[in-house]
Structure formats: C-alpha cells, structure tokens
Amino acid sequence: MNPESLIASVAINFGLAMVVLSLFSILKKQPSNAPIYYARRLSLNHQIHFDRRFFSLRRYCPSLSWISRSFRVPETEILHASGLDALVVIRLFKFGIKFSVVCTVVGLAVLIPVNYNGQDELSITYHSMDAFTISNISRGSDRLWIHFGCLWFLSFYALYLLYKEYNEILIKRIQQLQQIRDRPDQFTVLVREIPFCTEHKARACSADHFFSKYYPHDYHSYQILYNGKDVEELMNQAKSIARKINNLKERSEVKQTNRSGTFLLDKSDREEAKLALQEEKLEELRLKINQLQSESTLKQKELPVAFVTFKSRLAATLVAQSQQHSHPLSWITSMAPEPRDVSWRNLVIPYRILPLCRLGVFLTATLLTIFFAIPVTAVQGIAKFEKLKKWFPPAMAIQLIPGLSSVITGYLPSAILKGFIYIIPFAMLGMAKLGGSISKSKEEIKTCNMVFYFLVGNVFFLSLLSGSLLDQIGESFSHPKDFPARLASAVSAQADFFMTYILTDGLSGFSLEILQPGLLSWDCIKSCFYCGRKEKNPYLYSLPYCRVIPMASLSILIGMVYAVVSPLLLPFLIGYFCLGYLVFINQIEDVYDIIYETCGEYWPHIHSYILMAVVLMQITMIGLFGLKSKPAASISTIPLLLLTLMFNEYCKIRFLPSFRNFSVQSAMKNDELDMKSNRLEANYENASNAYSPPCLQPLNFVASGSSSTRLFGSSS
Ligand SMILES: [Zn+2]
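Residues numbered from 1 in each chain as written. Predicted model: local features only at pLDDT ≥ 70, side-chain atom pairs only at ≥ 80, totals over all residues.

Asks: For the overall build of the protein chain, give the residues involved together with the corresponding values.
Replies: In terms of helices and strands, the protein chain carries 31 helices and four strands. Long-range pairs, those at least 24 residues apart, make up 83% of the contacts in the protein chain with a sequence separation of at least 6. (Helix = DSSP H or I, 4+ residues; strand = E, 2+ residues; numbered from the N terminus. Contact = placed C-beta atoms within 7 Å.)

What follows is the structure, given as structure tokens:
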C-alpha cells in the first residue's frame, strides 16, 4: 500500500467517526431517545436531566460532555455499580493503552530512526511505508541487535503488566466475593446424577436421605428440578395473551376519551367481544398450568438434578469440591451459579452425554472457523486492486475517478471483513448454548474463547497467508521448522492491511457501537407505527462480553506482533484503545444491563489471549532474525520464549485455582462476618428459596401494562 491509500483510509474513517460521534452527542440529548441511550438508568429508575426547551441551541449542538464524563468515572464506581466483570472489560482497554503507549515511545524514539536509516548505501528513491519498518534493514546488519533489545524489553514489560493485572483482579475478586456474601450461590451446591430412591419411588427424597445422612449438621434443604418444557410453553402462550389483553384495554381506553359518532361505538363493541374471548382463553390456560404444576404431575418429571442448600458457606464449599460417592459418576457436586445466571434448559441434558455435546460444539465451531476462509480470501482479493483488474476488467473504470482506487484499496476490504465478522459472535453464542453449560456466564465465556480463536485464525492468520493460501498451509505442515520464517515474511508484508483494519475496527466500529443505529431505526419504525402514544420501555440488553473482549484482545495481539516489526502501527492503537475505553464506560454506565456477576472469571481467559500474543510476537521475531541472516539473534530469542512459557505455567498455579474454586479460608471468613452481624440464618433461608425453576414460578403477569410489555427488552 502506498501512503496515499493509508491517508485515504485515515481520512474516511476519521471523518465518518466524527460525523457519527457528533450525531450521537446530539441524539443523546433528545428526551425521546432516552430508552436507547439511557436504557440502564431508566431501568434503575434514575432521574435523567434533559434540556426540554424546544428552541434551545445547546440541545442541537454536538458536544463533548459525554467524553469528559467518561474520563471522570473512577474504577470504584464501575465496580460498585456494574460489578467486576464490567470492570474487567475496562481494565482490558486500559491494558491496551498502557502497552501501546510504551511501544509507541520505544518505536518513535528508537526503532523508526533505526529503520529509516537502515540501508547502508543511500538508495531510497521510492517513498513507501516500508522505509519505517524492519524490512528496510539490510541483511545481516548489526542494527538488528537494537530490535533484539527492544523485543526483550517489550516482552518483559508485557509480562510485568500481565502479572500486575492478574494479581490486582484476584484481590478485587476476593473483596467482591466478600461484598456480595448475601448471594444465595455461596450456600448452594449443584448436585447431578442423583440416583432413584427405590423405597419411595422418587428422586427428590433420595437427595434428602443422602445429605441428611452424611452432613447431618450442615445440610439445610434441597430443590429438585423438573422437566417443565410443556409448562413453560403454556406460560409463554399465557404471557402473549396477557399482552394482547393489555393492548386491547389500552386501545379501548383511548377510544373512550375521544369517542364520537355511532360508527365508532359499533367498532368498540366488537373489540369488547374480542377482549372477552381472550380473557376466557387466558383463564383456560391458567387452569391447565395449575394442573401441571400440581405435585403428583411434577413427580413424574423429576430430573436427577438438585440445588442443595447448606447452613454455612464452609460446608457448601467443602461439598462442592469433594467426591461424594465411591462411584464418581453419581452425586456429582459443583458450586451453584447465582440464580439469575442458571441455564435451566441445559440442566435437563443428562450428565453422561455432556462430553458429546461439547465435542459437537467444538467440531461445529472449528468447521465454521475453517470455512469462513472463503469470503475472507475473496475480500483479500479485492484488496489487491491489480488482481481485481485481471479478473474483472470493468473494474478498470475505477481508475478514471481520481482517488477512488485509493479508497477501494484502503477502506473497502476491511469494511467488508468487519461486516462478515459482526455476525460471528451471535452464531458462536448460539452454538455455545448447545454445549450444556450450567450457567449463562459459562456459555458466554466459552463464546469468548471460540470468537477469539476464530478471529486469530480468520483475521490474523488468513490475512497473513492470503494469496497462495493452500500451498502455504501445505508447506507449513510438511516443514514445521520453516513456520517462523513464513510467519515473519507474511507479517512484514501485511503491516498496512492491519493498520487499516485497526482504523476501521476502532473508529467506525466503536462509533457505531455507541450510536446503536439498529435500535435507533427500529425505534423510529415502532414510534411511527404506534404514532408515539405509547409510553416507551427502555431497550435493555446485556453487556456483549463475547463481542468486546475478543475484538479488543485481537487488537492487542496485532499490536504486539507489530510492536517491533512496524512501529508505525502503534500510535493508531493508542487511539483505538482510548476510544474503546470512552465508549464502553459510557455504555456500561448508561446503556447495558448486567445480568450476572462472575467476579472476574473472564480475566484468566483474557490473560491467556494476551500471553498467546506475546508468544506470537517472539516466534515472528525468531523468524525475522532468521530471514535477515542474523541466526545469533534468532537463537538468543529462544530463551525468552521459554521464559514466557514458564511464566504462563507459574500464573496457572499462582492465580487460576482462586478463579475456579472458593477457598475454605474465604468461606469461613464470610461465615464469621455473618455470625457477627447475625445474618447467617437469614442468608441461608434466603438461599433455600432462591432456586425455584421457571416451571414452578407463579403466574403473575396480568398485573399491569408496564410489567408485561417489558419483555421485549429483556435479554436472553
Ligand atoms: Zn426415599
């Protein structure tokens, strides 16, 4: 790519982002858009102050107030209001900022001057971006030792940051678990594969026999689960009928206020008949549901799964982390997820076929990752204008308009790629739901992993290998030793593509995220349809971890791989992470709902993504030093690689267990705190009632319009 294409790309992305962000700052000030831009605050019944005067200049002027507010929000406020998971997302952006600032300083102060003067004889007649990259250094030059030094420095800096973050998040996690110690899950254990009690012909009592025999002092109660698919279906039907009734009632109220003439009277009679019919239907459903919820019917639908509550956290912790029976496939225990996080649908799946479900999901995700290559390589083909001209001669016309070919090569490929990639998290989340996880949070963490490896495979590696793709892969398999060299040559050739990718992903991606164009147009259509007479409910969605975390992690990966190779990319990354930070603070504060709190269980996964980035950076440099005929530098990088891998092993034993288990020490400490304040009994009593499965929930949806029409916004 020549500098003109890069400038075109910068200009387009920057201009677009400015337009979108100013539009956002104006739309946010309009009271009618509050359900979109203040969804979370509205759902929490916060007061929002708008300038309601119609002819006010301030109301229609773009402003930067949201930016300055985002900068002022402290971490403690995010932790307090939205929990540790939201804070982890913000910390990821902060990590990106910290890392890319140091890389930029090193790049601008050391690497770029060295690269620019890299050719020993002054033969730079062409002006290309290559003059600033490592490609400009001649083979065997001793200047490569400077790159070698920078690589060691940046690697150690990255590892230091990783260690510090992991440690801080672990401390915050332990504090948070103490803060939220009223939560029912600390007293509750999920038990699976409960055997059938032959004496009483039921499973439920079996749980009671077992736990009162082996934990007589600590066992409190149990909640067996049922296969309640039919009840839930009927409940959904009843809910939709209730919604219809509410709508009819509202409409007739409006009619009554502005009734005129006999024609309308006739119409309202017809509507009343309709209303009576619907109410009759609802009553019928209610009877049916009550019948299905009766004890005798439920007994036949028992599942071998129960939530068992204990009288102390200590007991629950010990039971959850130990083997209960000499047959390891019965009485399987694990810590329960919090009630709002439970994935009830997946608890129906028998424990023994779970490995099959997981294998199925893994295979499907792998197939999707592999076959996604087809559109990506097509996009890469367009990126090379020369190729396009060969395949599609009319494309020559593009050259007639000045500047257009720069636009096409600079902007279009990454924009199309982004469009394809936008739908991937949704597809992966749909797949992860079939994997049998016990909680929504685990499903989303799994999705994060799948999306991240998908992005690494399809955005990073495929963009590198595009061209003679199959040959490259084939040769990499037959000569695995050549892999670093291949990677290195591909990495240095694709620097400019990733520069435009970061630009598009950052500027357009984040500004569209904050503008929410989809919701905005949906809201517009809806208000035209209802003529704006209905009170609008907030569009409440949960924070999309599986979209944000993999995208930001991929940008860190790209930044790391290019930190030494092409330092010109790093200043763009600072902008990327700063914009992401501002946008997501705004979204977490005002827009997205938090539907569960895992107390930072996302971080170990983010840690492994970033560590993979460090390893890739080192492998690329081993290859590059080899290509540049500097084998001594190549070999001297290998100890660094081994050190990084050892660091990873250390982190696994130092931090990971505390993210998987609840320690006896913390459990006891929380129990003691509760005993001091006399809350222990109230807390476990509360826990024993918290895990009521959806099919047992009472019917209470016919209350008023506002509670039943909320359904649309609630995210699943
Ligand atoms: Zn029994």
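Next comes the rest of the description.
Asks: Any chance you could break down the pairing of strand β1 (residues 188–192) for me, citing the residues and the numbers?
Replies: Among the five residues in β1, five count as buried, and that is most of the element. Both faces of β1 are covered, namely the face carrying Thr 188, Leu 190 and Arg 192 and the face carrying Val 189 and Val 191. Of the pairings in the sheet, the one linking β1 to strand β3 (residues 302–310) comprises four bridges and is antiparallel in character. For Leu 190, the partnering residue across the bridge sits in β3 and is Phe 307. In this sheet, strand β4 (residues 332–335) lies alongside β1 in antiparallel orientation, the contact comprising four bridges. Residue Val 189 lies in a different strand from β4, and its bridge partner there is Met 335. (Buried ≥ 20, exposed ≤ 12 C-beta atoms within 10 Å, placed from the backbone. Pairing = 2+ DSSP bridges.)

Asks: Outline unusual backbone geometry, supporting the account with residue identities and numerical values.
Replies: In this structure, Trp 331 takes a positive phi of about 55° despite not being glycine. By secondary structure assignment, the location of Trp 331 is in the loop between α12 (313–320) and β4. With 22 C-beta atoms counted inside 10 Å, the residue Trp 331 sits in the buried group.

Asks: Can you tell me about the sheet that holds β1, naming the residues and giving the values?
Replies: Read across the sheet, four strands follow the order β2-β3-β1-β4 without closing on themselves; strand pairing throughout is antiparallel. The sheet terminates laterally at β2 (219–226) and β4, the two strands that pair on one side only. The average undirected angle you get between the axes of adjacent strands in this sheet is 25°. Sitting on the sheet, helix α8 (residues 204–214) touches β1, β2 and β3, and the angle it makes with β2 is about 155°. (Axes fitted to C-alpha atoms, helices over the stretch in contact; angles between N-to-C directions.)

Asks: I'd like a rundown of the packing of α12 against helix α29 (residues 664–676), residues and numbers included.
Replies: To describe two helices that pack against each other, one gives the angle between their axes and the distance between the axes. One can describe the packing of α12 onto α29 by two numbers: an axis separation of 8 Å at closest approach and a directional angle of 160°. If you check the angle between α12 and α29, you find them roughly antiparallel. Every residue of α29 that contacts α12 at Arg 313, Leu 314, Thr 317 and Leu 318 is listed here: Val 664, Ala 667, Met 668, Asn 670 and Asp 671. Partitioning the contact of α12 with α29 into residue classes produces five nonpolar, two polar and two charged. (Parallel < 35°, antiparallel > 145°, perpendicular 65-115°, else oblique. Nonpolar A, V, L, I, M, F, W, Y, C, P; charged D, E, K, R; others polar.)

Asks: Describe the environment of Phe 452, and please don't skip the residues or the numbers.
Replies: Mapped onto the elements, Phe 452 comes out in helix α19 (residues 440–465). Separated by 27 residues in sequence, Phe 452 and Pro 425 place their C-alpha atoms 9.5 Å apart.

Asks: Which residues make up the environment of Val 451, and what values go with them?
Replies: Secondary-structure assignment places Val 451 in helix α19. Considering only alpha carbons, one finds Val 451 and Ala 365, 86 residues apart in sequence, at a separation of 9.0 Å. Residues contacting Val 451, with those up to four places away along its chain left out, are Ile 424, Pro 425, Met 428, Cys 546 and Pro 550.

Asks: If you had to explain the packing of helix α1 (residues 3–28) against helix α22 (residues 495–515) to someone new, which residues and values would you point to?
Replies: Viewed as axis vectors pointing N to C, α1 and α22 meet at an angle of 10°, and their least axial separation amounts to 8 Å. For the element pair α1 / α22, the angle class is roughly parallel. Of the residues in α22, those in contact with Leu 6, Ser 9, Val 10, Asn 13, Phe 14, Leu 16, Ala 17, Val 20, Leu 21, Leu 23 and Phe 24 of α1 are Asp 496, Met 499, Thr 500, Leu 503, Thr 504, Leu 507, Ser 508, Ser 511, Leu 512, Ile 514 and Leu 515.

Asks: Tell me about the nonpolar core, residues and numbers included.
Replies: Counting residues in hydrophobic clusters, the biggest one holds 118 residues, and the most contacted among them are Ile 502, Ile 549 and Leu 569. Among the elements that make up this core, the one with the highest residue count is helix α24 (residues 545–565) (16 residues). Setting aside chain neighbours within four positions, we find Ile 549 in contact with Val 89, Leu 92, Cys 448, Tyr 602 and Ile 606. Ranked by size, the runner-up nonpolar core spans 40 residues in total, among them Val 191, Val 231, Ala 316 and Phe 662. (Core = buried A, V, L, I, M, F, W, Y, C linked by C-beta atoms within 7 Å.)

Asks: Can you lay out the confidence of the model for the protein chain for me, pointing to particular residues and giving the numbers?
Replies: With 86% of its residues at a pLDDT of at least 70, the protein chain reaches an overall mean of 83. When the criterion is pLDDT under 50, residues 702–716 qualifies, and its contacts beyond four places in sequence or with other chains add up to 23 contacts. (pLDDT = per-residue confidence, 0-100.)

Asks: An account of helix α6 (residues 84–116) is needed here, citing residue identities and associated values.
Replies: Helix length check: α6, at 33 residues, gives a terminal C-alpha distance of 45 Å against a target of 48 Å (1.5 Å per residue), a fit within 8%. At Gly 107, α6 shows its strongest bend, of approximately 45°. (Expected span 1.5 Å × (residues − 1). Bend = angle between axes of the 7 residues up to and from the residue.)

Asks: Any details on the environment of Val 548? Residues and values, ideally.
Replies: Along the chain, the position of Val 548 falls in helix α24. Assessed through the 21 C-beta atoms surrounding it within 10 Å, Val 548 is described here as buried. Along the sequence, Val 548 and Phe 584 sit 36 residues apart, while their C-alpha atoms lie 9.1 Å from each other. Beyond its immediate stretch of four places on either side in the chain, Val 548 contacts Val 89 and Phe 584.

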